[in-house]
Amino acid sequence: MNPGIVSNAQDLSSPMELARQIELRRRVQASGYMLLFAMAITGTMAAIALSDNEILRASVLLAIAATVLGSYVAIHKVGLSRLTPVLVGLLLLALYFYLLLSGGVNNTGLMWAVTLVPGFINLYGYRAGTGTLLAMGAATALILFYPEFPGLTAEYDTTYRARFLAVFVALTVLTALLDSSRQQTQQLLQRLTLELETRASTDALTGLLNRREAYREISKLESRDPKQAGRYTVLIGDLDNFKTINDQFGHAFGDRVLQDVAWVLQQNTRVGDLVSRWGGEEFLILLPNTDLEGGSFLAEKLREKVEALSDTYPHQVQISISFGVAEGSPHEQPHSRLLADADAKMYRAKHDGRNRVVAA
Ligand SMILES: Nc1nc2c(ncn2[C@@H]2O[C@H](COP(=O)(O)OP(=O)(O)OP(=O)(O)O)[C@@H](O)[C@H]2O)c(=O)[nH]1
């Protein structure tokens, strides 16, 4: 397969999208294998027909082998396309019906139908694959048992026809069952992957995205095309005197405060904004397409909302947060400097008395 296909798939960030791309790649790869197989069969038949001096049959088979070879080259040029398995399936069906009607070489044409069973189920999955194969079996039965079917030049005796159909149906059912169990395992693995990805990207206590995810999002913003991307702003907020709160009311109460603050931050930001738990009692909020003024305005609003939480607890407790605000722009300054800037401003807010926003 084209090595580019692999790296494309690995660039995708969502694990589900990645799984879909891997499945498509598998189907395109299976299409390639089936074409190689078909080419080997028709090529061999053409050689046998040629040695038997059956020039017309050999020419037709050679033309088919050449078409199959052309298709093989074409799917490598096109790369990952959802149309590939469909077109390859149609080509193989055309080849199959030609072999069925003509008998191929020495009346062996019909026999090759069995190779399509694992092939089609691999290409289309067990549901669509079984449907296609059963339709193909029904069409075959019609051709074989309809009296004097037009175009049928091969001669198959009645017992052979019936046995062939029985074997074909049994093989289809067996392969479909095996593939359905393989697919169930694959779906289970996909669910597990998603679950692990969620666990790896979220903070267990607050449900917010964690530091790793926040970094990833900042890097994405940073690498956007500067012509299309707007500026963005980062807020770093740190709860004030949180150690005292823990010491006075216990760790469990501290945890509850962290959860409540996380909720307040999320409820008061827009859908495209990203709220993350940056560290212990520290939060990072990323605001795409927002300048320093907009970011400062939001930070002040969040500061007030967090302060208002103080009245919601049975204890006499002062909850507050200090914010540092910094503005970034794609390709202008590395995010490490932007984060250091926001962090330094947050420490200035602490130094200036806490419960405030420093943006300038
Ligand atoms: N309950 C709880 N406490 C945490 C968690 N993560 C960090 N902390 C506590 O947060 C406290 C942070 O203390 P400091 O870094 O001294 O900061 P502070 O007391 O908030 O003081 P200033 O930041 O200067 O206002 C520490 O006591 C940590 O143990 C957590 O998940 N749950």
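These lines cover the structure that appears in this document, whether it is placed above or below. (Residues numbered from 1 in each chain as written. Predicted model: local features only at pLDDT ≥ 70, side-chain atom pairs only at ≥ 80, totals over all residues. Heavy atoms only, no water.)

Here the structure, examined in full by the defined rule, presents 8 aromatic pairs. Three or more aromatic residues link up through ring pairs in this structure, and these residues are Phe249, Phe253 and Tyr313. Just above the ring of tryptophan 278 sits the side chain of arginine 211; from NZ or CZ to the centre is 4.1 Å. (Phe/Tyr/Trp six-rings, centres within 6.5 Å; stacked < 30°, edge-to-face > 60°. Lys NZ or Arg CZ within 6 Å of the ring centre and 35° of its normal.)

This part is about the side chain of threonine 172. Note that threonine 172 resides in helix H6 (residues 158-201). Apart from the residues within four sequence positions on either side, threonine 172 is in contact with Val117, Ile121, Thr130, Leu133 and Leu134. (Helix = DSSP H or I, 4+ residues; strand = E, 2+ residues; numbered from the N terminus. Contact = heavy atoms within 4.5 Å.)

What follows covers the site of the ligand. Inspection of the region around the ligand gives 17 residues, with Asn241, Phe242, Asn246, Asp255 and Arg277 positioned closest. Take phenylalanine 242: an N or O atom from its main chain is 2.7 Å from an oxygen atom of the ligand. Within the side chain of arginine 354, one N or O atom sits 2.8 Å away from an oxygen atom of the ligand. Protein chains shield 67% of the accessible area of the ligand, which is 670 Å² for the free molecule. Secondary-structure elements contributing two or more residues to the shell around the ligand are strand E1 (232-239), helix H8 (242-249) and helix H9 (251-267). Considering every element that reaches the shell around the ligand, the biggest residue donor is H9, with 4 residues. (Near = heavy atom within 4 Å. Polar contact = N/O pair within 3.5 Å; in protein donor to acceptor, adjacent residues only side chain to side chain. Areas by Shrake-Rupley, 256 points an atom, 1.4 Å probe, with all protein chains shown as cover.)

With mixed pairing, the 5 strands of this open sheet are ordered in space as E2-E3-E1-E4-E5. Where the open sheet ends on each side, the last strands, each with one partner, are strand E2 (274-279) and strand E5 (357-358). Of the strands in this sheet, E1, E2 and strand E3 (282-288) touch helix H7 (residues 211-222), which is tilted by about 125 degrees from E2. Contacts between H9 and the sheet are confined to E1, E2, E3 and strand E4 (321-328), with E3 contributing the most and set at about 10 degrees to the helix. (Pairing = 2+ DSSP bridges. Axes fitted to C-alpha atoms, helices over the stretch in contact; angles between N-to-C directions.)

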